[in-house]
Amino acid sequence: MSSDSETSTVLIDLFSEKLKDYSKAVREDRRLAAPDATVERTSRLCGSRITVDIAMDEAETITGFGYAVRACALGEAATAILAKHLAGRPAAELTAVAAAMRAMLKDDGPLPGGDWQDLEYLRLVRDLKSRHGSVMLPFDAVEAAIAEARKARG
């Protein structure tokens, strides 16, 4: 029978490997040719930087997502999960997912399920407040890009 510390170590190792896999997925920039909005965000704490492009139709469905990521593995992994699931989703869904992530990090709230369940791998940093900004950087950038796209439409 394994101890709690052995189980925790195994889970951390599993989560770390999954985060590494995700971070590798966004090492190459994938920008949109004609985005509705482009936003760059930089973390004041660590200097991580992300540029996101979004395309959004009149019904506020995200039709395209592009990025250039110069961030730590946490920011890269969060971006990769967004890249995997964001296109085809309503902008309001991203807002809800970002709010759930903030609640998970701050208050140990539940994560969104369904297609977004891989965000669970980012739960590791819940107790590391200094890393919350790294995880949230791509979410903040996408929310700002959605606001910019809305503003451009009038």
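Preceding this section is the structure that the text describes.
Residues numbered from 1 in each chain as written. Predicted model: local features only at pLDDT ≥ 70, side-chain atom pairs only at ≥ 80, totals over all residues. Heavy atoms only, no water.

Next up on the list: the nonpolar core. Core analysis: the biggest nonpolar cluster contains 44 residues, and Met101, Leu119, Leu122 and Phe139 have the highest contact counts within it. For this core, the elements supplying multiple residues, two or more each, are α1 (4-24), β1 (37-42), β2 (49-56), β3 (62-70), α2 (73-85), α3 (91-107) and α4 (132-153). A total of 10 residues in this core trace back to one element, the largest contributor, which is α4. Contacts of Phe139, omitting those with residues within four sequence positions, involve Ala78, Leu82, Leu94, Val97, Ala98, Met101 and Leu119. (Core = buried A, V, L, I, M, F, W, Y, C linked by side-chain atoms within 4.5 Å. Buried < 20%, exposed > 50% of the residue type's maximum accessible area, 1.4 Å probe, protein only. Helix = DSSP H or I, 4+ residues; strand = E, 2+ residues; numbered from the N terminus. Contact = heavy atoms within 4.5 Å.)

What follows deals with the packing of aromatic side chains. Under the definition given, this model contains 1 aromatic pair. A centroid spacing of 5.9 Å and a plane angle of 45 degrees characterise the contact between Phe65 and Tyr67, whose relative ring orientation is tilted. Owing to a relative accessible area of 12%, Phe65 belongs among the buried residues under this scheme. (Phe/Tyr/Trp six-rings, centres within 6.5 Å; stacked < 30°, edge-to-face > 60°.)

Structurally, Ser43 can be placed in the loop between β1 and β2. In this structure the side chain of Ser43 is engaged in a polar contact, spanning 3.3 Å, whose partner is the backbone nitrogen of Cys46. When sequence neighbours within four positions are dropped, the list of residues in contact with Ser43 reads Ser48 and Leu137. (Polar contact = N/O pair within 3.5 Å; in protein donor to acceptor, adjacent residues only side chain to side chain.)

For the rest of this paragraph, the subject is the side chain of Ser48. Locating Ser48 in the fold gives a position in the loop between β1 and β2. Separated by 3.4 Å, the side chain of Ser48 and the backbone nitrogen of Cys72 make a polar contact. Apart from residues no more than four positions distant in its own chain, Ser48 is found in contact with Arg41, Thr42, Ser43, Arg70, Ala71, Cys72 and Leu137.

Turning next to the pattern of salt bridges. Considering all chains together, one arrives at 15 salt bridges under this definition. A salt bridge links Arg31 to Asp53; the shortest N-O distance between them is 2.7 Å. Of the two residues, Arg31 is situated in the loop between α1 and β1 and Asp53 in strand β2; the sequence distance between them amounts to 22 residues. For Arg31, a relative accessible area of 44% translates into the label partly exposed. Under the relative-accessibility criterion, Asp53 is labelled buried at 1%. Of the charged contacts, one joins Arg126 and Asp127 as a salt bridge, the two residues approaching to 3.8 Å between their closest N and O atoms. Residue Arg126 is classed as partly exposed on the basis of its relative accessible area of 23%. (Salt bridge = Lys/Arg side-chain N within 4 Å of Asp/Glu carboxyl O.)

This next bit is on the sheet that holds β3. Taken in spatial order, the 3 strands of this open sheet run β1-β2-β3, and their pairing is antiparallel. The sheet is open, and its two edges are formed by β1 and β3, each paired on a single side. Neighbour-to-neighbour, the strand axes of the sheet open up by a mean angle of 15 degrees, direction not taken into account. As paired strands, β1 and β2 are joined by 6 bridges and run antiparallel to one another. Paired with Thr38 across the strands is Asp53, a residue of β2. In this fold α2 packs onto β2 and β3, with an angle of close to 165 degrees to the strand it touches most, β3. (Pairing = 2+ DSSP bridges. Axes fitted to C-alpha atoms, helices over the stretch in contact; angles between N-to-C directions.)

Interpretation note: all reported values are geometric properties and have no functional meaning in isolation.
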